[in-house]
Amino acid sequence: GKRKRLNSSVLYDSDESEDSDILVRKVFAKRRCIIDEDENSRELQPDKTCSTENASTNRKQKVFATLKQLARQRATWRSGRSENCEDSNSEAEIEEEPFFHSPLTPTEGSETDCDSMKDFIVEEEDDDDDDTEHITGENQPQHKELNGSNSQLLANYVPHLSRCDHYVHFKRIVKAFLINAIDDTFLSSLYGGTRQKKYAQDMLLSLHYLDDRFIQPRLENLISGSRWKDRYKERVDCYPDVHIILKNPKYVSCQACELNRYCKFDVLLSGKLYNSRTLETDDFMSDDKQVLKVGVVCANRTRVYHNLKHFKYKLYQHCSSITELDSFKDEPVKDTVERLFSQLEDSGWIQKRYSDLEDCMNAADNFQEER
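Residues numbered from 1 in each chain as written. Predicted model: local features only at pLDDT ≥ 70, side-chain atom pairs only at ≥ 80, totals over all residues. Heavy atoms only, no water.

1. Looking at the nonpolar core
Step number 1: Judged by nonpolar contacts, the single largest core of 60 residues is most densely connected at Val 174, Phe 177 and Val 294.
Step number 2: The biggest single contributor to this core is helix H7 (residues 198-224), with ten residues.
Step number 3: Contact partners of Phe 177, with chain neighbours within four places excluded, come to Leu 187, Leu 207, Leu 279, Lys 312, Leu 315, Tyr 316 and Cys 319. (Core = buried A, V, L, I, M, F, W, Y, C linked by side-chain atoms within 4.5 Å. Buried < 20%, exposed > 50% of the residue type's maximum accessible area, 1.4 Å probe, protein only. Helix = DSSP H or I, 4+ residues; strand = E, 2+ residues; numbered from the N terminus. Contact = heavy atoms within 4.5 Å.)

2. Concerning the packing of aromatic side chains
Step number 1: On inspection of all chains with the given rule, the structure shows eight aromatic pairs.
Step number 2: Here Tyr 209 and Phe 214 contribute two aromatic rings whose centre-to-centre distance is 5.4 Å and whose plane-to-plane angle is 90 degrees, an arrangement assigned as edge-to-face.
Step number 3: On the basis of an interplanar angle of 75 degrees and a centroid distance of 5.0 Å, the ring pair of Trp 228 and Tyr 232 is categorised as edge-to-face. Comparing Trp 228 with Tyr 232 shows no difference in burial state: the two are buried. (Phe/Tyr/Trp six-rings, centres within 6.5 Å; stacked < 30°, edge-to-face > 60°.)

3. Details of H7
Step number 1: Between its terminal C-alpha atoms H7 stretches 38 Å, which fits the 39 Å expected from 27 residues at 1.5 Å a residue.
Step number 2: The largest bend in H7 is about 40 degrees, located at Ile 215, with the proline Pro 217 one to four residues further on. (Expected span 1.5 Å × (residues − 1). Bend = angle between axes of the 7 residues up to and from the residue.)

4. Focus: the sheet that holds strand S1 (residues 241-253)
Step number 1: Within the open sheet, the three strands sit side by side as S1-S2-S5. Their pairing is antiparallel. The strands lining the two open edges of the sheet, one partner per strand, are S1 and strand S5 (290-294). Recorded for the sheet is a direction-independent mean angle of 25 degrees between the axes of neighbouring strands.
Step number 2: Two elements, strand S2 (residues 260-270) and S5, share five bridges in a ladder whose sense is antiparallel. When the bridges of S5 are listed, Phe 265 appears paired with Val 294.
Step number 3: Here helix H8 (residues 230-238) sits on the sheet in contact with S2 and S5, set at roughly 130 degrees to S5. (Pairing = 2+ DSSP bridges. Axes fitted to C-alpha atoms, helices over the stretch in contact; angles between N-to-C directions.)

Written out as structure tokens, the structure reads:
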């Protein structure tokens, strides 16, 4: 009995201390008071201890409601600041009660809000170039200048990804062929990597562009859609000259696809073998010729394939013939190339050759598959 009175007095003193804001409760094994998590429902005991706890719980609920009201006001104040700051690019995500509104008017607190955001806004440094200016929806010319800057970066660091007009590539190729027609070591040194000047690297880029973007993908498409045998393809690749002659039809095996059909075309292949990069010719068996009997589909495909395959070599032959007819023999190579290039461009010769290349590519793209 003595121990029970001691326990009840201790619990009674702790509950009666109203000077302290913190409620100290001691729960003993034989006397329990159950409190729910939401602080709204509670099991009450009929004795004096539970009645005193009821009063302290009400006081705690008042404190909690006051703190919750302060939190809501602070959240509303922050929301009003974020809405009135015009320089901020992102909106603050604040959870509010559905019926709370910002106590601030649009003119209140705007200066302090903008000043407080200065620490979080990173402004770009102004350079002399216009390419570093900020892009806005109303500033389209600056956007174009930035695209030009990106193209220059691609050209310097990733040359194979740089963007350039196709006709610009073609003019570089013509100028490279004019140089090589005068100095036959130019292309070999260009592919060998000994020439590192910008004009030489631009010409090398254009030559790769012609081979890898214009010609080779279309040749692969023509072969993938055909029934050509490898032996026939190798012959067409090796001989730069071709003549397709119409003959009397004969029901024989086509020498291109080896299928039995009426073949009425003779494909005459001739010319010297040459290096596909340096365009140097090989005089071994220079007078060799091949005559092959093919059908109409294989004959048409041969014409399209051969024109595109040997276009670069034919263009170089044209450039070589132009330099051979030039009468200025003692002129420096650079001056001769610039003068001849200007003449060809002014006369429309370069544009005509470029149109021929486009015709070859279009013929390859539009060639119908075999049925």
